[in-house]
Amino acid sequence: ASSSFASPGEESHNAMAEDLDVARLKISDDALEDDEVAAGALSMARADAMLGAFDGALRDEGDNDDDDGDDDEDRDALQLQPTDIVFVAIAHDDDAPHGDVCVFEPGDGGGPPNVYVHHDFLLSAPPLCCDFVGTAPGGYAGAAPASDPAAAGVAGRAFAAIGTFETAVEIWDLDVIDAAEPACVLGGEETVTVVMDDDDDDDDVDEPSSTKKKKKKKDKKAAKKEEKRKRAAAAVPGANYAERVRLKKESHRSSVLCVEWNRTATNLLATGSADETVRLWDVSTARCVATYDTLHSDKVQALAWHRKEPHVLLTGGYDQRCVVSDVRGKSDGMLSMPLSADVESCCWDIGNDSCFYASSEDGVVYCFDMRRTKSAMAVVQAHDRATTCVVSALCARGALGGGGGGGGGGGQCIIF
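Remember, predicted model here, so these are calculated numbers, not experimental data.

Colleague: Lay out the overall build of the chain in plain terms, naming residues and giving numbers.
Modeller: Helix and strand counts for the chain come out as 4 helices and 26 strands. A buried classification covers 48% of the 416 residues belonging to the chain. Partitioning the contacts of the chain with sequence separation of at least 6, the portion at a separation of at least 24 is 53%.

Colleague: Describe the packing of aromatic side chains, naming the residues involved and giving the relevant values.
Modeller: Enumeration over the complete set of coordinates arrives at 6 aromatic pairs. With a centroid separation of 4.7 Å and 20 degrees between ring planes, the pair formed by Phe-121 and Trp-172 is classed as stacked. Residue Phe-121 is located in strand 4 (residues 114-122), and its partner Trp-172 is located in strand 7 (residues 168-173); the two are separated by 51 residues in the primary sequence. No difference in accessibility class separates Phe-121 from Trp-172, as the two residues are buried. Following the ring pairs from residue to residue traces out a cluster consisting of Trp-348, Phe-356, Tyr-366 and Phe-368.

Colleague: Report on the pattern of salt bridges, specifying residues and quantitative values.
Modeller: Overall, the coordinates contain 7 salt bridges when judged by the stated rule. Asp-326 serves as the salt-bridge partner of Arg-328, at 2.7 Å between the closest nitrogen and oxygen. Taking the relative accessible area as the measure of exposure, Arg-328 reaches 63% and is therefore exposed. On the basis of relative accessible area, Asp-326 is assigned to the buried category, the value being 16%.

Colleague: Account for the side chain of Ser-360, naming residues and giving values.
Modeller: Structurally, Ser-360 can be placed in strand 21 (residues 355-360). Not counting the four nearest positions on each side in its chain, Ser-360 is found in contact with Leu-339, Ser-340, Ala-341, Asp-342, Val-343, Glu-344, Tyr-366, Ala-386 and Thr-387.

Colleague: Tell me about the pairing of strand 7, and name the residues and values.
Modeller: Along any regular strand the residues' side chains alternate between the sheet's two faces. Summarising burial for strand 7: 6 of the 6 residues are buried, a large majority. Burial of strand 7 is two-sided: the residues Ala-168, Glu-170 and Trp-172 facing one way and the residues Val-169, Ile-171 and Asp-173 facing the other way are all buried. Where strand 6 (residues 159-164) meets strand 7, 5 bridges bridge the pair, whose relative direction is antiparallel. Across the sheet, Ile-162 pairs through a bridge with Glu-170, a residue of strand 7. Taken together, strand 6 and the strand that follows it, strand 7, pair antiparallel across an intervening segment of 3 residues. Sheet topology places strand 7 next to strand 9 (residues 184-187); 4 bridges connect them, and they run antiparallel. Its bridge partner lying in strand 9, Val-169 is registered against Leu-186.

Colleague: Requested: an account of the environment of His-252, with residues and values cited.
Modeller: Tracing the backbone through its elements, the reader meets His-252 in the loop between strand 11 (240-247) and strand 12 (256-261). In this structure His-252 comes out as buried when scored by relative accessible area, which is 1%. Considering only alpha carbons, one finds His-252 and Gly-187, 65 residues apart in sequence, at a separation of 6.6 Å. Those residues within four positions of His-252 in sequence are excluded, and the remaining contacts are Thr-167, Leu-247, Thr-271, Gly-272, Ser-273, Asp-275, Thr-277 and Arg-279. Separated by 3.3 Å, the side chains of His-252 and Thr-277 make a polar contact.

Parameters and conventions
Once a new chain begins, its residue numbering starts again from 1 and follows that chain's sequence as written. In view of the model being predicted, local features appear only for residues whose pLDDT reaches at least 70, and side-chain atom pairs are presented and counted only at 80 or more, with totals across whole chains, interfaces and linings using the full set of residues. Calculation of side-chain values draws on the structure's entire complement of heavy atoms; hydrogens and water are dropped beforehand. Numbering of helices and strands runs from the N terminus, with a helix taken as a DSSP run of H or I at least four residues long and a strand as a DSSP run of E at least two residues long. Buried, partly exposed and exposed residues are distinguished by accessible area as a fraction of the type maximum, computed with a 1.4 Å probe on protein chains only: under 20%, between the cut-offs, and over 50%, respectively. Any pair of residues with heavy atoms lying within 4.5 Å of one another is described as a contacting pair. Pairing of aromatic side chains requires ring centres within 6.5 Å, counting the rings of Phe and Tyr and the six-membered ring of Trp. Pairs whose planes differ by under 30 degrees are stacked, by over 60 edge-to-face, and all others tilted. Within this document, salt bridges are pairs made up of a side-chain nitrogen of Lys or Arg and a carboxyl oxygen of Asp or Glu, the two lying within 4 Å of each other. When DSSP finds at least two bridges between two strands, those strands are taken to pair. Counted as a polar contact is a pair of N or O atoms within 3.5 Å, where, for protein atoms, one must be capable of donating a hydrogen and the other of accepting one, and residues adjacent in sequence contribute only when both atoms are in side chains.

Coordinates in, geometry out; function isn't part of it.
Structure representation (structure tokens):
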């Protein structure tokens, strides 16, 4: 069924805002036992980017054995309206990690607002973060039938990049119904065939580790292993072969905690990890183009691209610092600002290009100005517990939303 996602204008955005009450999100204590994984994690791809992205036809990769009447009914159920707001929710329920493509209907015509799951997909590992991606990953042609005009390309398609508890970033095609696998995987593991000598042991082969950094191999040992791979490829008679799973060379070495698509330089995707590094990926080629391992001395929890300067990246980590960097060169960052606790979230001020916000584990929200480097412009105790997210409002200059723990053990959202 063909669906058009047109972006509503400012008046429509304001009307939608009137329909929305301040939400209170409750997360059980059991879901927060691991500081790297919140089992009920929720991540929303920005509505302004999602709208207008689904220009092609939705495609079903599942079985189509229903009769024509059922097909027509299914198409009607999938039909989307220009005023619908689409977002992606990620969760890990009953040991089944998954992503839900959800639709918010603003309730035009006097009806009440409504939210429903349009379609979903299964993930390979518990998800930690996600963001919308408007650029097709390299080598992906989609599942379009030959009769579909979009089969020759993927222009106008919508994707979601999802960071997981493992070391990979999965990129899913949101236009495909019942997708069995992601359109692309950045980083993660690979299986290699090696030739084993009599004196070989498992320590001679790279194996994945989600908790420690890989040590650099000595040149002599690396040359020896490369020679073994060449011998395996040449099918040396009498050789002892073995398959080993290892991390890809360009992969993160631990959980991917944050991901952000560059909406100006649309081929760039930034990821932050518990391995204390920030990596830049070229989505169009599905390759890592840069790694920054000196910006933070602990886990990288949050990052945000500048809205107008595509080379400026804001990052926040468990070293209790926010760092502003120019990704055109490898450095320790242009600006580093301290916080009172681990950074949970950060974002740029939509109304002021020089300012950014950051929230911390102790519930505080900070406003920093890059022109004033000595201290924060404003400090607000927004929550009793960790302020896990902070967002600069698109429809109201100077408005800020934050979510975090409340006094009663539940969660809450605050607009200020």
